[in-house]
Amino acid sequence: MTIRSRRALGLIVVTALAGAAGEPAAAARPSPRIQRTTAEIMARAGRYEQGGRMTVVKPRERPARARRSLPHDPRALKAARVVHGRAVPVDAPSDLEPRAPQTVAAPNFTSVRRSESFFTPPDSMGAVGPTQFLTHVNGWVRVHNKATGGLGAFETDTFAFWAPVMEDFFNGFPADPRVWFDRLTDRWITISAEFNGDPGVNGNRILLAVSDGPVITASTVWAYFYFDQDQASPVGDFGCEADFPTLGVDAQALYIGAAMWCGAGAGSWVNNTAFVVRKASLLNPATPSDLTATPGAVTAFRELLGPSGGLFTPQGVNNYDPAANKGYYVSVDVASFDTLVVREVFNPGSGAPTLGDDQFLPVAATDFPVDVPVPGGGLALDGGDDSLLSAHLRNGRIWTSHQVAVNASGVADGTGDRNATRWYELDVTGPSPSAVQIGTVFDPGATPRSYWMSSIMVSGQGHAALGFTAASAALSPSAATVGRLAGDPLGTTAGTPVVYHPAEAAYLASTPTETRWGDYSMTSLDPCDDMTLWTIQEFAATPVPGVNPNWGTRVVRLLAPPPATPVSASPAVVPLGRTSIQVTVQASTPAGAAFYDTPSTGMSSCRTRLTAAVGQGVTVNSVRLVDADTVILDINTTAAAPGPAGVTVTNPDGQSRVGTVLTLAPVSASKAATGSFREGGAITYTIVLTNRASFPSTDKAGDELTDTLPAAVTPVGPPTATIGAAALTGNTLTWNGALLAGQSTTITVNAVINAGAEGQILTNQAQVQQDLEGN
């Protein structure tokens, strides 16, 4: 349920099981800790309904409608693309060819449909974890194997899932779910609001659940928490219902924003409130399920709207940084279009957080979204409003998106007849936020597609992907995506959005309730490789008896570009028989192709790494990333065979590229010095070159061996070689010749140690053309 959606979701329960497993009564009693295993939750699935079905009831008037007449910020730029505060003409050259920055890859699977959850809308929500994708939409919770898309160990209705902490089980219902895999603690976190029909009498609760580990199995233990919104300290908003809870998670806290509906019956929208939940309280086994019973566990910041504006829908901001000590909310401005609002949360993990002032940021012009026509004569789909739908902080930048109405040039000028996905990269490292880049995904055609219900996520490489629904008078609602690479021109995405799952049928809404098309969606980042992006989006699904029209949610994996291809190595020829040699490998870097390694901190325990392999039996001791096109390998050649060797570099996401850039030297060398090591003493240097290959070593152009003897010795007589020709020029010994497979030559040179050399250390190194590290 949401201020954005302007309508209430309701539940019809045909018959409640009296005392079913004792859950409803247990939820009403204070409890020091409420926990359930996955198996226990699933054992209760469906029992509370007894075959009853959930359905949409009387719509709630949406206060967001009033936003249609908001004034515009005179500082806003009439542009579809903005770079560092400057408008860029929509037809300006971008040097960007149409391409797919992320590859739509398997698995690409349907998760939950309306015919399973019986809710409208779904509020498409889900996230990727180490081995699974967890979907939590209105009415249904389901986990999938992320490698195959197959069903996992958890599937239940939302009543069975949230029953342990619902206050008014028989009259209320959970809705507006949010899901996050917290890679800092390796736990799943999900929240929902409980709606109980009459906020003027009962108020409502925010419900929370946290898993005890990263992989959901039958034995996974879920710890349940809740807080009555009006009892969160400081108490307030009495007789109000918290609607459309948002979620942001970082190292210190959860950031939940909500709209307050107050008064008897359906009530009316009054103000907005933000709640900061201390993460340490959720992880402490001694924390009671009622968070308001633990001082500092949840803090409320009420009545956020002031006379000059403020956070319209407080969107909590996610952040992976384990050292983060400050949280954020971001939103559109309640008082005008064209403006974003950022508020900082100081000391979020202390139990006594404080909320910073509104920071207003003028952006490119925005406008209220339009409803979306569909083929076949059904009612137009609800275009939602212009609230920000998710937000993520990476390297000091907040990435967020929403939908706005634009014209055929992608500009919001009040004449828009199509919805565009507007996205932002905001720098919050300075004294005030600034827009690094602003982009608009829109269709310029005469029968334009609308792109709405978007979400954006950025990877560790700096690549970004958006997921959304695409629909028009010629296209039934379909799941779509588009993205950009870190090096793309600012404010651009790569070409036309890709419909990764087209509509399976027309979506012919015949009642206003059926035109609801969700309140948000989710795009998440793989916690193991920090590269692969996943999105869950809504589409028109095949109708089933009794459910027409039918929606579905579709999950897809979006692969980053593969790594760069190795093109050279230094040294290019390495000797056999070494336990440790460092080789620098360089690569070509076409658009987006790059070597990458995951951060050493802030990752899940499933963290994968940049790896490398070298042919010819070489062992790779270690790999070190230098930059996007350079890695340094430490290799062991003691068990290697001579000859050309391919170097394969594999990024953390498992994609590889190979280049034959090394040669294992076919000729090995040994060197010894014998004799009297005193002033005037006679010594003999003996060098043995052996061709260990199964093929001849030819007499190459130039010298095959070069050895500069120490200045403290004087050669005596000409050098000798059993095969080939040895020569001396001053103190420089050279050898030229060819060796058959398995053949050796012994080179000998005599010398005398010069007077005055007593106490000196005599060292020298020979260089072999096929072996640049000869002794």
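Every residue gets a number counted from 1 within its own chain, in the order that chain's sequence is written. Given that this is a predicted model, residues contribute local features only at a pLDDT of at least 70 and side-chain atom pairs are listed and counted only at 80 or more, while totals for whole chains, interfaces and linings are drawn from all residues. Side-chain measures were taken over the full set of non-hydrogen atoms in the model, leaving aside hydrogen atoms and water.

This part takes up the sheet that holds strand β31 (residues 464–472). At least two DSSP bridges between two strands are required for those strands to pair. Working definition: helices are DSSP H or I runs of at least four residues, strands are E runs of at least two. Numbering for both runs from the N terminus. Ordered in space as β30-β31-β32-β33, the four strands form an open sheet in which the pairing is antiparallel. Each of the sheet's edge strands pairs with one partner strand only, and the pair in question is β30 (450–458) and β33 (498–501). Each neighbouring strand pair of the sheet contributes to a mean axis angle of 30°, computed without reference to strand direction. Relative to β31, β30 is paired through seven bridges, and the arrangement is antiparallel. Across the sheet, the residue bridging to methionine 457 is alanine 465, located in β31. Only the stretch in contact is used when a helix axis is fitted, and all axes are lines through C-alpha atoms; the angle between N-to-C directions ranges over 0 to 180 degrees.

Before going further, it helps to spend a moment on the state of the cysteines. Any two cysteine sulfur atoms within 2.5 Å of one another count as a disulfide. Inspection of the entire model under this criterion finds two disulfides. Covalent S-S linkage joins cysteine 240 and cysteine 262, the inter-sulfur distance amounting to 1.9 Å. Between cysteine 240 and cysteine 262, the disulfide has an S-S torsion of 105° and is therefore right-handed. Placement of cysteine 240 in strand β15 (residues 240–243) and of cysteine 262 in strand β17 (residues 253–262) is noted, with a sequence separation of 22 residues between them. Of the two residues, cysteine 240 and cysteine 262, both sit in the buried class. Between the sulfur atoms of cysteine 528 and its disulfide partner cysteine 606 the distance amounts to 2.1 Å. Disulfide cysteine 528-cysteine 606: torsion about the S-S bond near -105°, hence left-handed. With cysteine 528 in the loop between β34 (522–525) and β35 (533–541) and cysteine 606 in the loop between β39 (581–588) and β40 (611–614), the pair connects residues that are 78 residues apart, well separated along the chain. Going through the chain in sequence order and numbering each bonded cysteine, the pairs you get are 1-2, 3-4. Residue exposure (1.4 Å probe, protein chains only): buried if accessible area is under 20% of the type maximum, exposed if over 50%, otherwise partly exposed.

Regular strands place their side chains on alternate faces of the sheet. Burial analysis of β35 places nine of its nine residues in the buried class, the great majority of the element. Examined bridge by bridge, β34 and β35 share four bridges and lie antiparallel to one another. Its bridge partner being in β35, methionine 522 is matched across the sheet by isoleucine 536. Pairing of β35 with strand β36 (residues 550–559) involves nine bridges; the strand directions are antiparallel. Each residue of the ladder has a partner; that of glutamate 538, found in β36, is threonine 553.

pLDDT is a residue-level measure of predictor confidence that goes from 0 to 100. Per-residue confidence for the chain gives a mean pLDDT of 89; residues scoring 70 or more make up 90%. Whether two residues are in contact is decided by their heavy atoms: any pair within 4.5 Å suffices. For residues 1–29, every residue scores under 50 in pLDDT, and the model assigns this stretch 114 contacts once sequence neighbours within four places are set aside. Throughout residues 771–775 the model reports pLDDT below 50, and contacts reaching past four residues in sequence, or to other chains, amount to 20 contacts.

Strand order in this open sheet of four strands is β45-β46-β51-β48, and the pairing throughout is antiparallel. In the strand order of this sheet, the two ends are held by β45 (667–675) and β48 (713–721), each with one partner. Neighbour-to-neighbour, the strand axes of this sheet turn through a mean angle of 20°, independent of strand direction.

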